[in-house]
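Chain and residue survey
Okay, here's what each chain looks like letter by letter:
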Amino acid sequence: MPWLVKPNDHSKLDEHLLFIHVPRCGGTSLTQHFDVPAKVKAEKGRSWWGRIGMNYFFHRYHVLETANFPVKTKESVVALCLFVLGCAMLASGTAAQLAKLLVIASVILFAAPAFLFTAPFIGRITCIRRPYLYLVHYVLFQFMESIEWLTGTNKTGYMMHLTARKLLAYEYVTPHTMDAVCSMSIVRNPYSRMVSVYMYNRFGSGESFQHFVRSWYHLMRFYRESGETEEWFTPCHCIPQVDFTHFEGKQLVQSIVKQEELKFLKREEDLGLAVANDSSVKDLPDLVREALLGMPHTNSRFSNKKWFDYFDQETICL
């Protein structure tokens with residue numbers, strides 16, 4: 001979610017903190033730390049439809065942090081109730097047509113949020129991702145987007161994972177604002193990030209890392225062939241980290257921090273260690289340093305293996 005700090009006084013742009021959120025680099029912890037969902041929900045001028053949409057978006061975002069295919073959800077409870085009611089009506093011969101509709105609706109209500117509208121399906125299956133983007137933007141009237149805070153989802157994809165160049169291209173942020181505000185991004189070892197991407201997007205524990213990487217390599221074909229980064233062609237998790245912070249060799253983001261060096265920001269007194277190790281966090285602007293100090297780490301997927309144990313020569317080359 002790009003905006004972490006956005007004072008009401010828009011003339012003081014140097015007090016704004018714009019976060020370019022590279023997926024699977026620990027940025028979700030920052031959005032929770034700054035309670036961005038509460039700020040979006042308190043946004044003035046949002047319609048009741050938009051409020052429903054953003055509330056559901058944050059609900060789903062939280063649910064998808066816990067499992068690739070979340071079955072134990074509120075939607076599943078409602079689906080189960082509808083299914084039981086429909087079956088009971090069919091058994092008693094009461095309103096057979098309505099009973100069939102209830103059973104069908106229960107199956108859809110269970111399957112859509114538990115399987116179809118999840119990271120593995122939306123991210124990896126183009127024929128699901130594209131209708132999803134069309135659905136949330138046109139059919140549901142952009143009810144899950146917040147341009148004010150640059151979060152949610154619409155036809156451009158997941159707004160909190162837009163690259164700096166996309167924010168400028170879509171005119172969500174002006175060039176003057178991008179230059180004037182304090183902007184930051186967190187990046188990490190690309191190999192360990194790939195393992196995190198695998199854990200978040202795999203089709204269950206039965207899918208091997210090798211199979212996933214081969215599939216991911218094919219999914220990146222538009223990017224490999226022409227540098228295409230639009231969500232319609234290349235899902236945001238496929239985009240290399242450099243494309244989030246740079247464009248045509250120019251760095252667009254003011255401060256780029258390595259996730260592995262956040263350990264130097266656990267306490268104020270660790271600054272000396274950052275300087276001694278020539279760390280990426282040694283010369284951060286005060287606003288960025290204060291945002292990262294003691295940052296919690298959430299949204300991680302547990303693994304009992306080190307990242308380097310996942311790779312063989314083929315996956316390294318891919």
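As a starting point, this report considers the structure included with it. (Residues numbered from 1 in each chain as written. Predicted model: local features only at pLDDT ≥ 70, side-chain atom pairs only at ≥ 80, totals over all residues. Heavy atoms only, no water.)

1. Thoughts on the overall build of the chain
A tally of regular secondary structure across the chain gives 16 helices and nine strands. Radius of gyration (C-alpha) of the chain: 21 Å, near the 20 Å computed for a compact globule of 318 residues. Along the first, second and third principal axes, the C-alpha set of the chain runs to 75 × 55 × 40 Å. Looking at the 318 residues of the chain, the share that counts as buried comes to 47%. Pairs at least 24 residues apart make up 64% of the contacts formed inside the chain by residues separated by at least 6 positions. Only carbon and sulfur atoms are counted for the fraction: they give 61% of the accessible area of the chain, which is about 16000 Å². Of the side-chain charges in the chain, 34 are positive and 30 negative, and the distance between the mean point of each set is 8 Å. (Helix = DSSP H or I, 4+ residues; strand = E, 2+ residues; numbered from the N terminus. Rg over C-alpha atoms; globule rule 2.2 N^0.38 Å. Buried < 20%, exposed > 50% of the residue type's maximum accessible area, 1.4 Å probe, protein only. Contact = heavy atoms within 4.5 Å. Areas by Shrake-Rupley, 256 points an atom, 1.4 Å probe, with all protein chains shown as cover. Lys, Arg positive; Asp, Glu negative; His and termini not counted. Charge placed at Lys NZ, Arg CZ, Asp CG, Glu CD.)

2. Comments concerning the sheet that holds strand E3 (residues 145-146)
The strand order across the open sheet formed by three strands is E3-E4-E5, and the pairing between neighbours is antiparallel. Each edge of the sheet is formed by a strand with only one pairing partner; in this case those strands are E3 and strand E5 (157-158). Where strand E4 (residues 151-154) meets E5, two bridges bridge the pair, whose relative direction is antiparallel. Paired with Asn154 across the bridge in E5 is Gly157. Helix H3 (residues 48-66) contacts E3, E4 and E5 of the sheet and is inclined by roughly 105 degrees relative to E4. Contacts from helix H7 (residues 126-139) reach E4 and E5, with the element oriented near 110 degrees to E4. (Pairing = 2+ DSSP bridges. Axes fitted to C-alpha atoms, helices over the stretch in contact; angles between N-to-C directions.)

3. Let's talk about the packing of helix H4 (residues 74-92) against helix H5 (residues 96-116)
Relative placement of two packed helices is described by the angle separating their axes and the distance separating the axes. Where H4 contacts H5, the axes come no closer than 8 Å and their chain directions differ by 160 degrees. The angle between the axes of H4 and H5 places the two elements in the roughly antiparallel class. Here H4 runs over H5; the crossing is left-handed. Two secondary-structure elements touch here, H4 through Glu75, Ser76, Val78, Ala79, Leu82, Phe83, Leu85, Gly86, Cys87, Met89 and Leu90 and H5 through Ala96, Leu98, Ala99, Lys100, Leu102, Val103, Ser106, Leu109, Phe110 and Pro113. Residues that form the contact of H4 with H5 fall into these classes: 16 nonpolar, three polar and two charged. (Parallel < 35°, antiparallel > 145°, perpendicular 65-115°, else oblique. Left-handed = near helix turned anticlockwise from the far one by under 90°. Nonpolar A, V, L, I, M, F, W, Y, C, P; charged D, E, K, R; others polar.)

4. Quick notes on the nonpolar core
Core analysis: the biggest nonpolar cluster contains 52 residues, and Leu17, Leu30, Met184, Ile186 and Leu292 have the highest contact counts within it. Ignoring sequence-local partners within four residues, the contact set of Leu30 consists of Leu4, Phe19, Met184, Ile186, Ala291, Leu292 and Met295. Val195, Met199, Phe212 and Trp216 belong to the second largest nonpolar core, which has 15 residues in total. (Core = buried A, V, L, I, M, F, W, Y, C linked by side-chain atoms within 4.5 Å.)

5. Quick look at the pairing of strand E2 (residues 17-20)
Side chains Leu17 and Phe19 of E2 all project onto a buried face; the interleaved residues Leu18 and Ile20 project onto the opposite face, where all are buried too. Sheet topology note: the strand E1 (residues 3-5)/E2 ladder contains two bridges and is antiparallel. Its bridge partner being in E2, Trp3 is matched across the sheet by Leu18. Direction of pairing for E2 relative to strand E6 (residues 182-187): parallel, over a ladder of four bridges. Residue Leu17 lies in a different strand from E6, and its bridge partner there is Cys182.

6. Re the pairing of E4
Residues Thr151 and Thr153 point to one face of E4 and Gly152 and Asn154 to the other, with burial holding for every one of them. Sheet analysis places E3 next to E4, joined by two bridges and oriented antiparallel. The residue of E4 that forms the bridge with Ser146 is Thr151. The hairpin formed by E3 and E4 contains four residues between the paired strands, and Leu150 there has a positive phi angle of roughly 60 degrees. Count of turn residues in the E4/E5 antiparallel hairpin: two residues.

7. Focus: the sheet that holds E2
Within the open sheet, the four strands sit side by side as E1-E2-E6-E9. Their pairing is mixed. The sheet terminates laterally at E1 and strand E9 (255-258), the two strands that pair on one side only. Ignoring which end each strand starts from, the neighbouring axes of this sheet average 30 degrees apart. Bridging between E6 and E9 involves four bridges; their strand directions are parallel.

Don't take any of this as a statement about function, it's just geometry.
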